Amino acid sequence: MAFLQVEQLTKVYGSGDAAVRALDGVSLTVERGEFVAVMGASGSGKSTLLHLLGGVDKPTSGRITLDGVSLYDQKEEELTVFRRRQIGLVYQFYNLVPLLTVEENLTLPLLLDGRTADPARVLDLLARLGLEGKRRAFPAQLSGGQAQRVALARMLVSRPKALLLDEPFTGMDPETLQKAAALIRERGGGKNVLLATHDRDAIAALGWPVIQLAE
């Protein structure tokens, strides 16, 4: 059975003349353990698709089945727990908590779920992403590229089954991009990774199969 099954997914924002159809009947299948890049221009619905897959927004119509679970047939409380434990989502705009340090941002999702972070894993992720000197820094003290790497590390430290990445390489120089891509490939082994991007250089660096969204 496929790990991810998307059937006729549609998302419309607003109504009447002001309605915006962000997604229109999108269907796709991702097999277990597969890494896939979703590519499209700005406005093609990449971020909307990832947010629906991540359970943070509800579709207008259609169905999403993730690891055998129909996402939106769950009650809100069940979906919240499922999302927190099974899905790692890196937002395009980082979504870091400004009053928490880098290390606290990394461990917050685990603490909210009643779990304890492995200090060695946290330090290893920070080192691998060139952030070892930023453990006690606050988000406002980070560059855009550093903040994006913190968001990536926060997702990986929780060990989710599905990794959903929305433009995860924004602001990274080519060397850092290669390191981040290698870390995703390594830590994502045995999991499913879906990357949304318009960056052809990132796609070339990853070498993953591509799903093209219509503009």
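Residues numbered from 1 in each chain as written. Predicted model: local features only at pLDDT ≥ 70, side-chain atom pairs only at ≥ 80, totals over all residues. Heavy atoms only, no water.

### Comments concerning the overall build of the protein chain
For clarity, the threshold we go by: Numbered from the N terminus, helices here are DSSP runs of H or I no shorter than four residues, and strands are runs of E no shorter than two. For a compact globule the rule gives 2.2 Å times the number of residues to the power 0.38, and the radius of gyration it is set against comes from C-alpha atoms. Burial classes follow relative accessibility: with a 1.4 Å probe on protein chains only, a residue under 20% of its type's maximum area counts as buried, one over 50% as exposed, and anything between as partly exposed. Any two residues whose heavy atoms approach within 4.5 Å are treated as being in contact. Throughout, the Shrake-Rupley method with a 1.4 Å probe supplies accessible areas, and for residues the shown protein chains are the sole cover considered.
Helix and strand counts for the protein chain come out as seven helices and nine strands. A compact globule built from 215 residues should have a C-alpha radius of gyration of about 17 Å, and the protein chain, at 17 Å, falls within 12% of that. Seen along its three principal axes, the alpha-carbon backbone of the protein chain occupies a region of about 50 × 40 × 35 Å. Considering the protein chain as a whole, with its 215 residues, one finds that 48% of them fall into the buried category. For the protein chain, the proportion of contacts with a sequence separation of at least 24, taken over those separated by at least 6, is 70%. With the model as given, the accessible surface of the protein chain reaches about 10,400 Å², and the carbon-plus-sulfur share is 50%.

### Section: the pattern of salt bridges
We count it as follows: Put simply, a salt bridge is a Lys or Arg side-chain nitrogen that is within 4 Å of an Asp or Glu carboxyl oxygen.
Here the structure, examined in full by the defined rule, presents ten salt bridges. Linking D24 and R21 is a salt bridge whose minimum nitrogen-to-oxygen distance equals 3.5 Å. For the residue pair D24 and R21, the accessibility class agrees, reading exposed in each case. A salt bridge links R135 to E103; its shortest N-O distance comes to 3.0 Å. Residue R135 is located in the loop between α4 (119–128) and α5 (144–157), and its partner E103 is located in helix α3 (residues 102–112); the two are separated by 32 residues in the primary sequence.

### A word on α4
Cut-off, in case you're wondering: The directions considered for the arc are those from the helix axis to the C-beta atoms. Any pair of nitrogen or oxygen atoms within 3.5 Å is treated as a polar contact; in protein, a donor-acceptor pairing is required on top of that, and neighbouring residues in sequence qualify only through side-chain atoms on both sides.
Inspection of α4 places R121, V122, L125 and L126 among the buried residues, and these make up the whole buried set. One side of α4 holds all its buried residues, which, seen down the axis, span an arc of 130°. The outward face of α4, more than 90 degrees from its buried face, is lined by the exposed residues P119 and A120. The opening residue of α4, the one whose side-chain oxygen lies 3.1 Å from the backbone nitrogen of A120, is D118.

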